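Chain by chain, the residues:
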Amino acid sequence: MARKEFSDLLNSRLVLIVLAFYMFVLLQTFYHMYTNTITTPKGLILMEPGFDACYLGSLVAVVLGFSAMSEETSGKALNTLMVKPLYRDTIINGKLLGGVAFLSWIFWITVAIYTLAINLIAGSLISPYMALYVERLPFVFLLYLLITMLFFSLSMLMSILFKEQSFALFMGFLVWIVFIFLLHDISIMQNLVVSLNLALGGQYFSTYDPFSPISMIRSMLVVDNYENIGALISMEMPKMVKLAFYCFVSIALAYVAFLRKDVE
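Sequence order sets the numbering: in each chain, residues are counted from 1 along the sequence as written. Local features in a predicted model are, by the rule used here, given only for residues with pLDDT of at least 70; side-chain atom pairs are given and counted only at 80 or more, and totals for whole chains, interfaces and linings are based on all residues. With hydrogens and water stripped out, all remaining heavy atoms of the structure feed into the side-chain values.

### Some thoughts on the packing of aromatic side chains
- Each Phe, Tyr or Trp ring, with Trp reduced to its six-membered ring, pairs with another whose centre is within 6.5 Å; inter-plane angles below 30 degrees give stacked pairs, above 60 give edge-to-face pairs, and intermediate values give tilted ones. For the structure on display, the rule yields ten aromatic pairs.
- On the basis of an interplanar angle of 45° and a centroid distance of 6.0 Å, the ring pair of Tyr-55 and Trp-176 is categorised as tilted. Of the two residues, Tyr-55 is situated in helix 3 (residues 42-83) and Trp-176 in helix 6 (residues 165-182); the sequence distance between them amounts to 121 residues.
- When the centroid spacing of 5.8 Å and the interplanar angle of 85° are considered together, the rings of Phe-151 and Phe-179 count as edge-to-face. Remark: Phe-179 occurs in helix 6 and Phe-151 occurs in helix 5 (residues 130-161); sequence separation between them is 28 residues.
- For every residue, the accessible area obtained with a 1.4 Å probe (protein chains only) is divided by the maximum for its type, and the residue is called buried under 20%, exposed over 50%, and partly exposed between those limits. Residue classification places Phe-151 among the buried positions, given a relative accessible area of 1%. Here a helix means four or more residues in a row that DSSP labels H or I, a strand means two or more in a row labelled E, and each is numbered from the N terminus.

Shown next, in the form of structure tokens:
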């Protein structure tokens, strides 16, 4: 089931269009890195693309989540289920695993292209930092999977909840905008904190709390520090736990909604 889902995503015209846009923006990022190689701190040259992969990957994940569920919710799953009965948890598990595999494939293709490009462009300048770069890749990959699966599952949830699939895709993008832009806006969040304190009758939130997952990832990746990976993980563990919680809740909601929804 997961293999079929991977193949379906790879053959989707909408997914291919979004991947083409993703690669276009990625090439622009490489060009930006090339023009700023001398003035940009070398740690950021290697780590900022990890943030870009998380940011752009979350947008790609919205389309992937929609594509993964749109066929079933548009009524084409019934014939398949009648010919070859499948438990619903088998279907949703296959879609989630297929999504993980496809998003992982995108990430490592991106890493391979970027690593080759940056070594060709500025190999002598960034070579002292390559060990740190390789050491942090699993950490970046974990953050990438958490944020992309968050939006993948939320987009699946929208496709499950709304029968009209064009509206479901719109809602998926709307959720992405809220999480990426509105919750990332400090002025909006400060007003929210004040409102929450007033509603709860206490000073429960005294400072700006980064509810936005992209804010948490940016603070973990777009920093010019060279601490070892153990120290970095220890320092950022609360943010990682919060991001993992977001991801778990969104997957659980999509899972339950799919199991309880009638196939039409």
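### Thoughts on the packing of helix 5 against helix 8 (residues 213-221)
- Interaxial angle, 0 to 180 degrees, is taken between N-to-C directions of lines fitted to C-alpha atoms, where a helix line uses only the stretch in contact. Between helix 5 and helix 8, the least distance of the axes is 11 Å, while the angle of their chain directions is 170°. One element, helix 5, and the other, helix 8, form an angle in the roughly antiparallel class. Residue-level contacts link Phe-139, Val-140, Leu-143, Ile-147, Leu-150 and Phe-151 of helix 5 to Pro-213, Ile-214, Ile-217, Met-220 and Leu-221 of helix 8.
- Partitioning the contact of helix 5 with helix 8 into residue classes produces eleven nonpolar, no polar and no charged. Comment on the angle field: the value is read as roughly parallel under 35 degrees, roughly antiparallel over 145, roughly perpendicular from 65 to 115, and oblique elsewhere. Residue contacts follow a heavy-atom distance rule, with two residues in contact if any of their heavy atoms lie within 4.5 Å. All residues other than Ala, Val, Leu, Ile, Met, Phe, Trp, Tyr, Cys, Pro, Asp, Glu, Lys and Arg, Gly among them, are scored as polar; the first ten of these are nonpolar and the last four charged.

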